[in-house]
Amino acid sequence: MAKVYNFSAGPAMLPHEVLAEAQSELLDWHGSGMSVMEMSHRGKDFMEIIHDAEHDLRTLLRIPANYKVLFLQGGASQQFSMVPLNLATESGSIDVVNTGHWSRLAIKEARRYTRVNVVASSEATQFDHVPAADTWQRDPDAAYLHYTSNETIGGLQFPDVPESAVPLVCDMSSDFLSKEVDIGRFGLIYAGAQKNIGPSGLVLVIVREDLLGRAQAATPTMLNYQVHADSDSMYNTPSTWPIYIAGLVFKWIERQGGVKGIEARNSEKAGLLYHAIDSSDGFYTTHIQAPYRSRMNVVFRLGDTSLEDAFLMEAARNGLVQLKGHRSVGGIRASIYNAMPIEGVKSLVNFMMDFARQHG
Ligand SMILES: *Cc1c(COP(=O)(O)O)cnc(C)c1O
């Protein structure tokens, strides 16, 4: 088997142990004589799988009892419609922080259902920072405040959870489970699975119960949180295989020392990469201001951008793959989610130093 370190932004690499475990029980899950993919979602075996996954997630994040955990489909993108449909009114408004590509899409979609007040934006400086909270133009009557904790494409991350008097809603797709968070500070969190949770085809929603039951009248049944909450994510057939893999990933995180252990490793990994960039004398550069640099998606350029194609090609020859930046920003992006081992990051750092020596 080819040994590569996969820096894809998503679908991203999964822990090797989890894949090996899934392989070992692929044809016969726990003596059931069948694969998880072939099971009835309402049967005893799958009910055990989804119940354990939810239980383990609740333990990892200490999710309070007054929050529902929903296993849905449609990706984080569908949440851009579901959140305003369920939590906002046509005549009211919401507050949103604009920090890049994903916030912009969330704003664009929410405008179909409610009035959107952009409280702050760093667009004028190419999203190089998170605007200071004391400059935000908030509306005290907003139905909620939405932000994107980690901008996967731009490589910009909120260092802290913002304060909010109105319910706080977060697109946590690309830093979910990467560091400790106090769930009690949120009204709703959503996260697509393919970054830090499991395979694509699953999105997790954690929602405070008192926010349910307020959906706009025209909300399609399948987009109504209350419907999914009332049926424990079994209103229709859920995404069974991704839920099973997510459950294995949750157990794997537990074995890494829980979210606390994972957070320490993530911080070390990101530190190594940013140190390599900062100490390269401008051979590598990042425009993101230091306090807001993402620990999940390290976005950088070569000082001489004409060397970027060669960088990507030589990196791939060295088993360091999927490092190309998103087409909208170009350059290089190293996504170093939970599953990326520190050895992968060290290998990339060594390659970067060699490449700089050869071409600098
Ligand atoms: C990947 C991503 C999305 C979109 O996820 P889909 O599952 O493709 O809909 C939205 N927000 C953020 C922050 C992401 O990283």
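Residue numbers restart at each chain and count upward from 1, following the sequence in its written direction. Two thresholds apply to this predicted model, a pLDDT of at least 70 for residue-level local features and 80 or more for giving and counting side-chain atom pairs, whereas whole-chain, interface and lining totals are computed over all residues. The side-chain figures draw on all heavy atoms in the structure; neither hydrogens nor water molecules are used.

1. Examining the site of the ligand
As a matter of local geometry, the ligand sits amid 13 residues, with Ser77, Thr152, Asp171, Gln194 and Lys195 nearest to it. Between the ligand and Ala76, the relevant distance is 3.3 Å, taken from an oxygen atom to a main-chain nitrogen or oxygen of the residue. N or O atoms within 3.5 Å of each other form a polar contact, as long as, within protein, one can give a hydrogen and the other can take it, and as long as residues adjacent in sequence are counted only when both atoms are side-chain atoms. A distance of 2.9 Å is found between an oxygen atom of the ligand and a side-chain nitrogen or oxygen belonging to Gln194. Burial of the ligand by the protein amounts to 86% of the accessible area it has alone, namely 390 Å². Among the residues forming the shell around the ligand, the class breakdown is 3 nonpolar, 8 polar and 2 charged. Working definition: residue near molecule or strand if any one of its non-hydrogen atoms lies within 4 Å of it. For the area figures, the Shrake-Rupley method with a 1.4 Å probe applies, and any residue is considered shielded solely by the protein chains shown. Classification convention: Asp, Glu, Lys, Arg as charged; Ala, Val, Leu, Ile, Met, Phe, Trp, Tyr, Cys, Pro as nonpolar; all other residues, Gly among them, as polar.

2. Examining the environment of Gly75
In DSSP terms, a helix is any run of H or I states spanning at least four residues, a strand is any run of E spanning at least two, and both are numbered starting from the N terminus. Following the sequence through the fold, Gly75 ends up in helix 3 (residues 75-87). Remark: the alpha-carbon pair of Gly75 and Gly192, spanning 117 residues in sequence, is separated by 5.3 Å.

3. Points about the domain arrangement of the protein chain
All the domain ranges listed were derived from an automatic or database domain assignment. What the domain assignment reports for the protein chain is domain 1 (17-255) and domain 2 (259-359). Here the C-alpha centre of domain 2 lies 27 Å away from the C-alpha centre of domain 1. By definition in these notes, contact holds between two residues if any of their heavy atoms fall within 4.5 Å. Of the residues lining the interface, 27 residues belong to domain 1; the matching set on domain 2 comes to 24 residues. Defined here as a combined quantity, buried area equals the accessible surface (1.4 Å probe) lost by two parts on assembly, summed across both. Of the roughly 2,100 Å² buried at the junction of domain 1 and domain 2 (both faces included), carbon and sulfur atoms supply 56%. When residues of domain 1 are sorted by the area they lose upon contact with domain 2, Asp128, Ile153 and Glu180 head the list and together hold 24% of the total.

4. Examining the sheet that holds strand 14 (residues 332-335)
Strand order in this open sheet of 3 strands is 11-12-14, and the pairing throughout is antiparallel. Taken across any chain shown, the strands that pair with only one partner, and hence form the sheet edges, are strand 11 (284-285) and strand 14. Relative to strand 14, strand 12 (residues 297-302) is paired through 4 bridges, and the arrangement is antiparallel. Opposite Val299, over in strand 14, you have Arg333 as the bridge partner. For helices, the fitted axis covers only the stretch in contact; all axes are lines through C-alpha atoms, and the angles between them, taken along N-to-C directions, range from 0 to 180 degrees. Here helix 7 (residues 258-278) sits on the sheet and contacts strand 11, strand 12 and strand 14; the angle it forms with strand 12, its principal contact strand, is near 15°. Only strands joined by at least two bridges in the DSSP assignment are considered to pair.

5. Here's the deal with the layout of surface pockets
Grid points spaced at 1 Å and placed over the protein atoms alone form the basis of the search, with a cavity being a set where a 1.4 Å probe fits but cannot get out and a pocket an open set showing protein on both sides within 12 Å along at least five of seven lines. Lining residues have an atom within 4 Å of a point. Grid points are joined across faces, edges and corners, and a volume is the space filled by probe spheres set on the points. In this structure, the largest pocket encloses a volume near 500 Å³. Taken together, 21 residues make up the lining of the largest pocket; nearest its centre are Lys3, Met13, Leu14, Pro15 and His16. For the lining of the largest pocket, the elements supplying multiple residues, two or more each, are strand 1 (5-6), helix 1 (16-24) and helix 9 (342-359). For the lining of the largest pocket, the element with the highest residue contribution is helix 1, accounting for 5 residues. For the lining of the largest pocket, the per-class residue count stands at 13 nonpolar, 4 polar and 4 charged.

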